[in-house]
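# Summary of structural features
Chain by chain, the residues:
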Amino acid sequence: PRPGERMTPEYKTVPILDAARRAGVRIADGQAGRYEVKAFCPFCLGRTKNPHLYLNTEKNRFFCQRCGEHGNSVSLYAKIRGISNKEAFEELEKSNLQMFPQAAPKEPRQEYMAPLEQRHDVYYDLLALLSLSEHDFLDLLGRGLTLDAIEQNMYRSMPARVETRSELAQTLSRTHDLHGVPGFYRSENGDWRLSGNSGLLIPYCTAKGYIQGLQRRAEIGGKRCYVWVSSNPDKCRKDGSPLYPCGTRAHGWIHIKGNVHSTTASITEGALKGDTASCLSNGALYLCAPGVNAIKYLPSAIRSLSVERLLGEYDMDQIRQEQYSAALRRMQDTLKPLGIPYIQQMWNPAYNGIDDYKLHSRRLSLAA
């Protein structure tokens, strides 16, 4: 540098996968070549059997969708080892780890997302082509949903057969542009395909009723989980080839259900839970985040309404557990700039979800 010119230190980048492996993080199977690698979160370990930790190999950062822990390669190693970031960097540097000069920030990738109206039309027509299985129908009735609510919410069952899903995508492609619609991708011969597997399809809607995206309730290892109907173009097969060519990943949209003119709204996790709680509360307004940490679009969803009071109605076990309490505090911090009072609701913990508690209350009132 010239005399008097400021010197810029040369920072080094630590590959996230190398740092994670050296810290003992267990990587999920079938993740080779992926842009975002799924792993088992060391901070949630023992509380879940599923991989919720995402390791971003391009930005060398991590994020757990369950407990909200996040940071970079060095802070991940430091948190696991219980040492400072400086000590962690020195240990990694001395461990013959291949490190690279920090590259200039890359331009964010502009992945195309179809406009809301286009996505709504595609998803609406997809659901119109499907039916609801008896198994899913009886389950919805058992949750407390009425026949009218089941029909109005357009729940449908995703076909298990790949051939059937391919036929659906081909049918839709004749009247719709599927480019940029999460869940759809092209096969090797250029035909459109629909990703996913069997399960209950749950629409995530705006205040005006437009379908933003779909979630699928799946049965994995005897346990129910909710996943987006998505076709993430970064996902790869074991040989490194793209799993969903020309696909589009889903975003963490907020589902809005109930009386959109209400000045009080409840916040809970999951569209199906919110749909059920709203139905059992005579149309109370619910804002449904796809996960306790998936709140990116929550402020904008609230601004689209005339809300003057917010009620927190996450599951009781989430409120009691330390990592969820931290996530709820982060959510409250995110909502503070809106200037809307937030009140955390509590109820009998024998009924974990707000939908379970409201169903219990409804049955008690009918029996009285």
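Here the structure is a predicted model, which is why all the values come from computation and not from measurement. (Residues numbered from 1 in each chain as written. Predicted model: local features only at pLDDT ≥ 70, side-chain atom pairs only at ≥ 80, totals over all residues. Heavy atoms only, no water.)

### Brief notes about the environment of isoleucine 343
In this fold, isoleucine 343 is placed in strand β17 (residues 342–344). The exposure class assigned to isoleucine 343 is partly exposed, which follows from its relative accessible area of 35%. The spatial distance from the C-alpha of isoleucine 343 to the C-alpha of glutamate 313 is 9.1 Å, given a sequence separation of 30 residues. With residues near it in sequence (within four places) discarded, isoleucine 343 still touches Arg309, Leu310, Leu311 and Gly312. (Helix = DSSP H or I, 4+ residues; strand = E, 2+ residues; numbered from the N terminus. Buried < 20%, exposed > 50% of the residue type's maximum accessible area, 1.4 Å probe, protein only. Contact = heavy atoms within 4.5 Å.)

### Here we look at the pairing of strand β11 (residues 211–220)
Of all the 10 residues making up β11, 8 are buried; the element is thus mostly covered by neighbouring parts of the structure. Sheet analysis places strand β10 (residues 199–205) next to β11, joined by 6 bridges and oriented antiparallel. Bridge pairing links isoleucine 202 to glutamine 215 in β11. In textbook terms, the turn of a hairpin is the stretch between consecutive antiparallel strands, and for β10 and β11 this stretch comprises 5 residues, one of which, glycine 209, has a positive phi near 90°. Pairing of β11 with strand β12 (residues 223–228), which is carried by 6 bridges, proceeds in the antiparallel orientation. Residue glutamine 215 lies in a different strand from β12, and its bridge partner there is tryptophan 228. In sequence, β11 turns back onto β12 through a hairpin of 2 residues, with glycine 221 there showing a positive phi of about 60°. (Pairing = 2+ DSSP bridges.)

### A short note on the nonpolar core
Of all hydrophobic cores here, the largest spans 29 residues; its most connected members are Ile267, Leu287, Leu298, Leu310 and Met331. Mapped onto this core, the elements with two or more residues apiece are β14 (264–269), β15 (285–289), α9 (298–303), α10 (316–320) and α11 (322–335). Examining the composition of this core, we find that 5 residues originate from one element, β15, more than from any other. Among residues more than four places away in sequence, those in contact with isoleucine 267 are Leu287, Leu298, Leu310, Leu311, Gly312, Glu313, Tyr314, Met331, Leu335 and Tyr342. (Core = buried A, V, L, I, M, F, W, Y, C linked by side-chain atoms within 4.5 Å.)

### What about helix α5 (residues 134–143)?
Within α5, burial applies to Asp136, Asp139, Leu140 and Arg143. Seen along its axis, α5 keeps its buried residues to an arc of 100°; they face one direction. Note on α5: the residue one or two positions beyond its end, glycine 144, has a positive phi of about 110°. (Arc of directions from axis to C-beta.)

### Focus on unusual backbone geometry
Leaving glycine out, the prevailing phi sign among residues is negative, and the prevailing peptide bond configuration is trans. One non-glycine residue, methionine 154, lies in the positive phi region at around 60°. Turning to its location among the elements, methionine 154 is positioned in the loop between α6 (147–152) and β7 (156–158). In this structure, asparagine 282 takes a positive phi of about 60° despite not being glycine. Owing to a relative accessible area of 74%, asparagine 282 belongs among the exposed residues under this scheme.

### Describing the pattern of salt bridges
Per the counting criterion, the structure on display carries 13 salt bridges. The shortest N-O distance in the salt bridge between aspartate 139 and arginine 217 comes to 2.8 Å. Of this pair, aspartate 139 sits in helix α5 while arginine 217 sits in strand β11, and the two are 78 residues apart along the sequence. In this pair, the class of aspartate 139 matches that of arginine 217, namely buried. A salt bridge links arginine 156 to glutamate 151; its shortest N-O distance comes to 3.9 Å. Looking at arginine 156, the relative accessible area reads 12%, which means it is buried. Overlapping salt bridges, with partners in common, bring together Asp136, Asp139, Arg217, Glu219 and Arg224 in one network. (Salt bridge = Lys/Arg side-chain N within 4 Å of Asp/Glu carboxyl O.)

### Topic: the confidence of the model for the chain
Overall, the predicted model of the chain reaches an average pLDDT of 88, with 90% of residues at or above 70. Low pLDDT (under 50) marks residues 1–11, which in the prediction has 5 contacts with non-local residues, meaning those over four places away or in another chain. pLDDT under 50 marks residues 102–106. Its contacts with residues more than four places away, or in other chains, come to 5 contacts. (pLDDT = per-residue confidence, 0-100.)

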